[in-house]
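The residues making up each chain are set out below.
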Amino acid sequence: MNAKQRFPSAMRCDRRMAFAIFAAFIFIVVTPAAAHAYVGPGAGFAFLSSFLSLFLAFVYSLFAFLTWPIRRIYRLVRGFKIYRRAKVRRVVIAGFDGLDPDLATRFMQEGKLPNFARLKDTGTFHRLATTCPPISPVAWSTFMTGVNPGKHNIYDFLAREPGSYLPFLSSARIRDVKKRLKAGRYKLPLGKPQVKLLRKGIPFWHFLGKAGIFSSVIRVPITFPPEKFAGVLLSGMCVPDLQGSQGTFSFHSTRDLSDEKPEGGQCLRFQSDNGRFRSHIPGPENPLRPDEKAPLRVDFTVTLDSASDRVEIEIRGRRFQLRPGEYSDWVELEFEAGFGVRARGICRFYLKQARPDLEIYVSPVNIDPSRPALPISHPLIYSVYLSKLLGRYATLGLAEDTWALNEECLDEEAFLKQCYLIHDERTRMFFDALEKTPRGACVCVFDITDRVQHMFWRFIDESHRAENQEMSRYQGVIEDLYRHMDALVGRILSQIGNGVLIVLSDHGFKAFSRGVNLNTWLRQNGYLALKEGFEQSAEWFAAVDWDRTRAYAMGLNGLYINQKGRERGGIIAPGEATRSLKQELREKLEGLVDRETGKVAISRVFDSEAVFSGPYHENAPDLVIGYAPTYRAGWDSVKGKITGTVFEDNQKAWSGDHCIDPRMVPGVLFSNRRLECDHPAIMDVAPSVLDWFGLPVPPHMDGRPWTLASEKV
Amino acid sequence: MPGHRIKLNDELMEKVKQCAAKAGYSSPEEFVIHTLEKEVARVLSSEAQDDTEEEVKKRLRGLGYIE
Amino acid sequence: MPELSYTTANDGSIVEGYPHRAHAPQRSAFLTLISGAFDLFFRPFRAANPAYALVAISFVVGVAAMLVFRYASNQRAMRRIKNRIHAHILEVRLFPDQLGVVSRAYARVVRYTFLYLVYTLQPLLILLLPMLIVLAQLNLRFSRLPLRPGDSFILKAKFTHPGTDAAASLRLPLGLALTAPPLHIPILREVDWRIRANTEGSFWPAVMVAGNAFTKRVVVSSDLAALYVKRERRSWLNWFSAPGERTLPAATPLRAIEVNYARRAIHAGPFEIEWWVFFLIVAFASGLVAKVILRVEL
């Protein structure tokens, strides 16, 4: 990127003016010698500040310069050895989460994806076998480690605690500070919260780093908290927001919204005050007063322009204007906890409408990458570097706010805008990483393909029963998305030189029209019992009688046996009893028919013993449910709620899904090189990259390397 | 990242390596940590969930796939 | 040479007379106003330790300078450039083994630092003149100590041509008294009079040359006051440095009349420091506080 691209034209004008002033200043300062006598504090500040930067740069540069030859020679010798065995100098992997091979093929045939077609014709295009279950955290963990889930321990977004039957996020666990010092009403933490990565296995970039091969890794899921290795990494999916959740937006309105409790967010009513409207953004709990229930907050006021629909928002002394349908830039927030302790975050405002009711959506408060409250990159300064270079950016794992669209706090247009804003940030990061990685591996995952397909599939799927009045308006959204990704591929190809490009997705997509409440089915068939007097159960098995329950379902594809010695209230003995129960359930569930539609809802049930192998298979669900296309786990069943109906329509905007039979939703594999591979699988990527760089494939890896042909596109 | 080191004698280390490879661990360290974590959990029951249901719900809030 | 005369006032002091006022140099109305404003500002501190007055003015100047930076500079652009500089410094740390990346990062650090300096010039230029005026005013008040009753001082008259000093004499108003015969230093074309101040007040001793009187203000006081060390011919520099005193007419045989007020040191706790050092420290500190509060990019 050159300087002209970086600065808008207004700034260039300013720069010309500034040069003129500079010239005038030089003239004034140089001509009358006595003027040197006075150097005021203003000048001092400017010079001190800029020279401090220069001085630091100089000191570091000098150090780097003096030690550079030694390091260079060492690296050269080492690099020479490494790259002597390597078949490639650079491997670039662009992960398009959820890019569907059927849609890609169709669009290629229709001539809409010229760059993908180019890769297919002169390089490689295959369907890429995904993981069982075909869920992003599972698939991307397998992608980076080259092992089946039994060795990396990620089976779903959720894992369950057998001691309490409660779920937890499978990828990372954040534990609050244990020791605190009491000081009046405050409890000062002694230490930092512990963040533990629960994913096991070793990502392939660690092996590359050990061999002296540099990697840049951007937003690959399940990389939070970041691990140390020889390269740079920005964490992706499952990075929490400042509240510690996976994304909690706030919606502010002049309407009374006290009855509305949107999923994934919070509704707040504006307080009117002399033509101004006041509200607040809820933040994290006070880290110094953990017993206090009210979270920290930052207040803001909104003033309506009487002549137009424009509003002015004032927050922490900063003012900006918004028109309906407009997003603000990232706004810095500081939640004051006391004793000068602050939690820093960033959010975007979106003006949904100014009249008749004022309605403003505020995105989840993301961790500020320039001053991260939790580590979100390796090294820690990498997130800071990116924010200084490219401006602030979304750090939340699932940054595209699908719940805000589901709950109609955002409309389709606004959601799309949000997705593309985040995508643009990601694209800039990726191309910077590409520039900074002339040798080695550059890996980036783009999430937009997954989120947009989840929310817009209803517009290309006639079977979806959600209200589809704006069908024609959004029918082309997914096609536009694929074209957009195609253009991105074209741009990468133009910059990649001799490198190997791999474009892949972790799974494909299918419609999600009907939900299967598996827990309700288990209850109706005598496998799950409720406590006396209950006909239904609230979430997380609140009314389940564990002493009479043999199996339960949790998460998107998992079914667990209530096993003695493992679950707290387990009643089924391990071994033969468990095996025969699993077999019984498989027989009953495979081919389960939805009587209302006459369709098979579950095409296959996978026994964990057959599909997972490795030291962590004991944490796996006992059975993995492979739903048939158009079906998925019902919204209630996922979170352990037992209702009256097994099958139900999915009425939500979330209308596309992939948490089904993995054979139905393979991903894609494109490359600018011909890859010799039969039935490629996502677990082959890690061993392939190691092999191409001339490193031995570790024996614990389950994937097999693809052979790289010499031609390139 | 482990912050402490424990010394093993060569013979045990060799067996650790063999076990790790056989069980499919990605490294001997991972094997040792996992084995110790399981044993510690069994003895101390410290791995038991100490989060309240409210905390659990909060942490999962916003995960698009679940309501 | 303009014809100058003098009269003796009732109290015996000599008043310089300008029969041709039109030719006499005038004090700038602007500077009179400024000096008045400063007098007003320092009035509450007149009898106090001058350090308090200096703290007050330094604080005001520091905050004002920040305000100027806040509103007169392109803060958005400066923030972006500063971020760029930081980013490229971090680049060197993050990608130390990539020769191309590191070289480009160095070049960009230098380039953006220069650009940053360019952007600071606009507020600097705006600050330049006010800062010169402020510093001149402070220099008048804080660099020298006024004379106290009983103090002796030297009044120097400096001449343009050799020999003119021989005919020079001095007329003193009541309150001042000569304590020694005049000292003629022909090589320097200078006459020095040693004088004692007897009472407090502003006095106008006159140097008599060829029947003309040239006065010089002498302040004997225990309060904070603007002190003019030198009265000289008109130049652009003394527009700043001595805005409160008339310049000498251009065609006089006198170059300058000087009073050797003692230098003043500011007492700040156990330290004795020059006023400008004290000023810079306090102004910097208050400016930095204002920078944080006003969120000024600098």
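Note that the coordinates shown come from a computational prediction; the quantities given were computed from them, not determined experimentally.

Novice: Can you explain the overall build of chain B? Please cite residues and give values.
Specialist: For chain B, the count of helices and strands is three helices and zero strands. Ordering the α and β elements of chain B from the N terminus gives α-α-α. The proportion of buried residues among the 67 residues of chain B is 27%. Carbon together with sulfur atoms contributes 55% to the accessible area of chain B, which is approximately 4,800 Å² in total.

Novice: Give a detailed account of the overall build of chain C, specifying residues and quantitative values.
Specialist: On a plain count of helices and strands, chain C comes out with six helices and 15 strands. By residue count, 48% of the 298 residues in chain C fall in the buried class. If you take every contact in chain C between residues at least 6 apart in sequence, the share linking residues at least 24 apart comes to 68%. Here chain C has roughly 13,800 Å² of accessible surface; of this, 62% comes from carbon and sulfur atoms.

Novice: Explain the interface of chain A and chain B residue by residue, including any values.
Specialist: Contacts between the two partners involve 50 residues from chain A and, on the opposite side, 26 residues from chain B. Summing the contributions of chain A and of chain B, the shared interface buries around 3,500 Å²; its carbon and sulfur component is 55%. One salt bridge connects A:K196 with B:E37, and the closest N-O pair in it is separated by 2.8 Å. For the pair chain A and chain B, the number of links is three residue pairs in polar contact (both at pLDDT 80 or more). Sorting the residues of the side of chain A that touches chain B by element identifies β3 (158-161), β4 (166-169), β5 (172-175), α10 (402-406), α12 (448-456) and α18 (635-638) of chain A as the ones contributing at least two each. Across the side of chain A that touches chain B, the residue classes tally to 18 nonpolar, 16 polar and 16 charged.

Novice: Can you break down the confidence of the model for chain B residue by residue, with the values?
Specialist: When pLDDT is averaged across chain B, the result is 83; 85% of the residues are at 70 or more. Per-element averaging of pLDDT across chain B places helix α3 (residues 53-60) of chain B at the bottom with 78 and helix α1 (residues 10-23) of chain B at the top with 94.

Novice: Outline the environment of A:A628, listing residues and values.
Specialist: All names here are of chain A. The residue A628 is located in the loop between β32 (623-627) and β33 (630-633) in this model. You can call A628 buried: its relative accessible area is 7%. Considered as a pair, A628 and R663 are 35 residues apart in the sequence and their alpha carbons are 9.8 Å apart.

Novice: A description of the pairing of strand β9 (residues 215-220) of chain A should follow, citing residues and the corresponding values.
Specialist: Within a regular beta strand, the side chains point alternately toward one face of the sheet and then the other, so they alternate between its two faces. Residues and elements named next belong to chain A. Burial analysis of β9 places six of its six residues in the buried class, which makes it a mostly covered element. Bridging between β9 and strand β10 (residues 231-235) involves five bridges; their strand directions are parallel. Opposite V220, over in β10, you have S235 as the bridge partner. When β9 meets strand β24 (residues 440-446), the two strands line up parallel, connected through four bridges. Bridging from a neighbouring strand, S215 pairs with A441 of β24.

Novice: Could you give an account of the packing of α1(B) against helix α2 (residues 28-44) of chain B, with specific residues and numbers?
Specialist: Residues and elements named next belong to chain B. Where α1 meets α2, the closest approach of the two axes is 8 Å, and the angle between their N-to-C directions is 90°. On the basis of the axis angle, α1 is roughly perpendicular to α2. Along its contact with α1, which presents M13, V16, K17, C19 and A20, the element α2 presents P28, F31 and V32. Class assignment of the residues belonging to the contact of α1 with α2 gives a composition of seven nonpolar, no polar and one charged.

Novice: So what's going on with the confidence of the model for chain C? Residues and values would help.
Specialist: Residue and element names in this part refer to chain C. Overall, the predicted model of chain C reaches an average pLDDT of 83, with 88% of residues at or above 70. Element-level mean pLDDT values for chain C span from 41 in strand β1 (residues 5-8) up to 93 in strand β7 (residues 190-197). Every residue in residues 1-26 scores below 50 in pLDDT, and together they form 57 contacts with partners more than four places removed in sequence or on other chains.

Novice: Go over the nonpolar core with me, naming the residues and quoting the values.
Specialist: All names here are of chain A. Of all hydrophobic cores here, the largest spans 98 residues; its most connected members are I93, F143, F204, L585 and F693. Two domains share this core, each providing at least three of its residues, namely domain 2 (89-154 + 200-231 + 386-462 + 470-509 + 666-713) and domain 4 (513-664). Counting 82 residues, the second largest nonpolar core, distinct from the first, contains A117, L234, V489 and L501.

Novice: If you had to explain the packing of helix α9 (residues 380-390) of chain A against helix α11 (residues 412-436) of chain A to someone new, which residues and values would you point to?
Specialist: Residue and element names in this part refer to chain A. Between α9 and α11, whose axes approach to 11 Å, the crossing angle comes to 110°. The orientation of α9 with respect to α11, classified from their angle, is roughly perpendicular. Contacts between α9 and α11 pair Y382, Y385, L386, L389 and L390 from the former with R428, M429, D432, A433 and K436 from the latter. When the residues that make up the contact of α9 with α11 are grouped by side-chain class, the tally is seven nonpolar, no polar and three charged.

Novice: Tell me about helix α5 (residues 114-122) of chain A, and please be specific about residues and values.
Specialist: Three or four residues apart is the spacing at which side chains of an α-helix point the same way, because the helix has 3.6 residues per turn. All of the buried residues along α5(A) are A:N115, A:F116, A:A117 and A:L119. On its buried side, α5(A) packs onto β1 (90-96), α4 (101-109), β2 (124-128), α14 (477-495), β25 (500-504) and β36 (667-671) of chain A.

Novice: Give a description of the pattern of salt bridges that names residues and reports values.
Specialist: Residue and element names in this part refer to chain A. Applying the stated rule across the entire model yields 63 salt bridges over all chains. Residue R632 is joined to D657 by a salt bridge in which the shortest nitrogen-to-oxygen separation is 2.7 Å. Taken as a pair, R632 in strand β33 and D657 in strand β35 (residues 656-657) lie far apart in primary sequence, 25 residues in all. The residues R632 and D657 share a single accessibility class, namely buried. Via salt bridges that share partners, R106, E110, K112, E479 and R483 belong to a single interconnected network.

Novice: Could you give an account of the side chain of A:S383, naming the residues involved and the relevant values?
Specialist: All names here are of chain A. For S383, the location among the structural elements is in helix α9. For S383, a relative accessible area of 0% corresponds to the buried category. Discounting residues that sit within four places of it in the chain, S383 has contacts with L234, P369, P372, I376, S377 and Y393.

Novice: Hey, could you go over the sheet that holds strand β23 (residues 377-378) of chain A for me, with residue numbers and the actual values?
Specialist: All names here are of chain A. Taken together, the eight strands give an open sheet; going across it, the order is β2-β36-β25-β1-β24-β9-β10-β23, and neighbouring strands pair in mixed fashion. If you trace the sheet from one side to the other, it starts and ends with β2 and β23, each paired once. The pairing of β10 with β23 spans two bridges and is antiparallel. Paired with L233 across the two strands is H378, which belongs to β23. Contacts from α11 reach β1, β9, β10 and β24 within the one sheet, and its direction differs from that of β24 by about 175°.

Novice: How would you sum up a nonpolar patch on the surface? Please name residues and give values.
Specialist: All names here are of chain A. Judged by side-chain polarity, F55, L56, F58, V59, L62, F65 and L66 come together as a nonpolar surface patch covering roughly 740 Å² of accessible area. Looking at the secondary structure, you find V59 in helix α3 (residues 41-85). On the accessibility criterion, V59 (41% relative accessible area) is partly exposed.

Novice: Give me the lowdown on the sheet that holds strand β22 (residues 366-367) of chain A, citing residues and values where you can.
Specialist: All names here are of chain A. As summarised here, the arrangement of the three strands in space is β18-β19-β22, forming an open sheet in which the pairing is antiparallel. The two strands at the open ends of the sheet, each matched to only one other strand, are β18 (331-338) and β22. Bridge analysis of strand β19 (residues 341-347) against β22 gives two bridges, and the strand direction is antiparallel. Residue I346 lies in a different strand from β22, and its bridge partner there is N366.

Novice: Break down the pairing of β36(A) for me, citing the residues and quoting the values.
Specialist: All names here are of chain A. When you tally the buried positions in β36, you get five out of five residues, the bulk of the element. Of the two faces of β36, both are covered, the one formed by G667, L669 and S671 as well as the one formed by V668 and F670. Direction of pairing for β2 relative to β36: antiparallel, over a ladder of five bridges. Each residue of the ladder has a partner; that of F125, found in β36, is F670. When β25 meets β36, the two strands line up antiparallel, connected through three bridges. Within β36, the residue paired with V503 across the bridge is F670.

Novice: Just give me the short version of the packing of aromatic side chains, but keep the residues and values in it.
Specialist: All names here are of chain A. Across all of its chains, the model carries 44 aromatic pairs over all chains by this definition. Taken together, a centroid distance of 5.6 Å and an interplanar angle of 75° make the contact between F430 and F446 edge-to-face. With a gap of 16 residues between them, F430 in helix α11 and F446 in strand β24 connect regions that are remote in the sequence. Exposure remark for F446: the relative accessible area of 0% places this residue in the buried category. One aromatic cluster in this structure is built from F96, F116, F125, F430, F431, F446 and F670.

Analysis parameters
Residues numbered from 1 in each chain as written. Chains lettered and ligands numbered in written order. Predicted model: local features only at pLDDT ≥ 70, side-chain atom pairs only at ≥ 80, totals over all residues. Heavy atoms only, no water. Helix = DSSP H or I, 4+ residues; strand = E, 2+ residues; numbered from the N terminus. Buried < 20%, exposed > 50% of the residue type's maximum accessible area, 1.4 Å probe, protein only. Areas by Shrake-Rupley, 256 points an atom, 1.4 Å probe, with all protein chains shown as cover. Contact = heavy atoms within 4.5 Å. Buried area = accessible area lost by both parts, 1.4 Å probe. Salt bridge = Lys/Arg side-chain N within 4 Å of Asp/Glu carboxyl O. Polar contact = N/O pair within 3.5 Å; in protein donor to acceptor, adjacent residues only side chain to side chain. Nonpolar A, V, L, I, M, F, W, Y, C, P; charged D, E, K, R; others polar. pLDDT = per-residue confidence, 0-100. Pairing = 2+ DSSP bridges. Axes fitted to C-alpha atoms, helices over the stretch in contact; angles between N-to-C directions. Parallel < 35°, antiparallel > 145°, perpendicular 65-115°, else oblique. Core = buried A, V, L, I, M, F, W, Y, C linked by side-chain atoms within 4.5 Å. Domains from an automatic or database assignment. Patch = residues over 30% accessible without salt bridge, like charges linked within 9 Å, V, L, I, M, F, W, Y side chains within 5 Å. Phe/Tyr/Trp six-rings, centres within 6.5 Å; stacked < 30°, edge-to-face > 60°.

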